Amino acid sequence: MALTIWHNPRCSKSRQTLALLQERGLDPVIRDYQKDPPTMAELQDAMMKLDQPASALMRWKDSDLPKDAGENEILSALTANPKLIERPLVLTDTAARIGRPPEAVLEIL
């Protein structure tokens, strides 16, 4: 199973989630998404794997977008400003979970 974490090393939840995965003997691909921002297609893939709308990927407290912003507007904002992406995001080939709390990612393993 391919396992990737969209990781922000400055975020405590992201560090905790990565540590949890590694404690379980997993070696995920670590993507510092602020240095290597996801494309629109990657964000859409993450949405499908989460089975959630684009708004679930958004860190609203850091955003100036209105809560009723459209999907394309949200995805464009996330692509342009990856610090707005909810973190951490753990993805497999078929599913994804946001590590809030970190244990939430265990559902897809």
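Relevant structure appears above.
Residues numbered from 1 in each chain as written. Predicted model: local features only at pLDDT ≥ 70, side-chain atom pairs only at ≥ 80, totals over all residues. Heavy atoms only, no water.

Quick word on the sheet that holds strand E2 (residues 29-32)
Read from one edge of the open sheet, four strands run E2-E1-E3-E4, paired in mixed fashion. Of all strands in the sheet, those with a lone pairing partner are E2 and strand E4 (96-98), marking the two edges. Taking each pair of neighbouring strands and ignoring which way they run, the sheet shows an average axis angle of 20 degrees. Both strand E1 (residues 4-7) and strand E3 (residues 89-91) contribute to a ladder of three bridges, which runs antiparallel. Directly across from isoleucine 5, in E3, lies its bridge partner valine 90. Here helix H1 (residues 12-23) sits on the sheet in contact with E1, E2 and E3, set at roughly 160 degrees to E1. Against the sheet, helix H2 (residues 40-50) engages E1, E2, E3 and E4, with an angle of about 90 degrees to E4. (Pairing = 2+ DSSP bridges. Helix = DSSP H or I, 4+ residues; strand = E, 2+ residues; numbered from the N terminus. Axes fitted to C-alpha atoms, helices over the stretch in contact; angles between N-to-C directions. Contact = heavy atoms within 4.5 Å.)

A look at the side chain of glutamate 86
Counting through the fold element by element, glutamate 86 comes out in the loop between helix H3 (71-80) and E3. On the basis of relative accessible area, glutamate 86 is assigned to the buried category, the value being 15%. Within the structure, glutamate 86 has its side chain in polar contact with the side chain of arginine 100 (distance 2.6 Å). (Buried < 20%, exposed > 50% of the residue type's maximum accessible area, 1.4 Å probe, protein only. Polar contact = N/O pair within 3.5 Å; in protein donor to acceptor, adjacent residues only side chain to side chain.)

Examining the pattern of salt bridges
Taken as a whole and judged by the stated rule, the model has six salt bridges. Across the pair aspartate 36 and arginine 31 runs a salt bridge whose closest N-O atoms are separated by 3.3 Å. Here arginine 31 falls in the buried class, since its relative accessible area comes to 13%. Measuring nitrogen to oxygen at the nearest pair gives 2.9 Å for the salt bridge that ties glutamate 107 to arginine 97. With glutamate 107 in the segment after E4 and arginine 97 in strand E4, this residue pair connects regions lying ten residues apart in the sequence. (Salt bridge = Lys/Arg side-chain N within 4 Å of Asp/Glu carboxyl O.)

Concerning the pairing of E2
Pairing between E1 and E2: four bridges, direction parallel. When the sheet's bridge partners are listed, histidine 7 is paired in E2 with aspartate 32. A crossover links E1 with its parallel partner E2, the connecting element being H1, and its sense is right-handed. (Right-handed = clockwise from strand over helix to strand, strands pointing away.)

Some details on H2
Of all the residues in H2, the buried ones are Leu43, Ala46, Met47, Lys49 and Leu50. Projected onto a plane normal to the axis of H2, the buried residues spread over an arc of 165 degrees and lie on a single side. Of the exposed residues in H2, the ones pointing more than 90 degrees away from its buried face are Ala41 and Met48. As for H2, its buried residues are in contact with E1, H3, E3 and E4. Remark: aspartate 51 follows H2 within two positions and exhibits a positive phi of approximately 60 degrees. (Arc of directions from axis to C-beta.)

These values are about where atoms sit, not about what they do.
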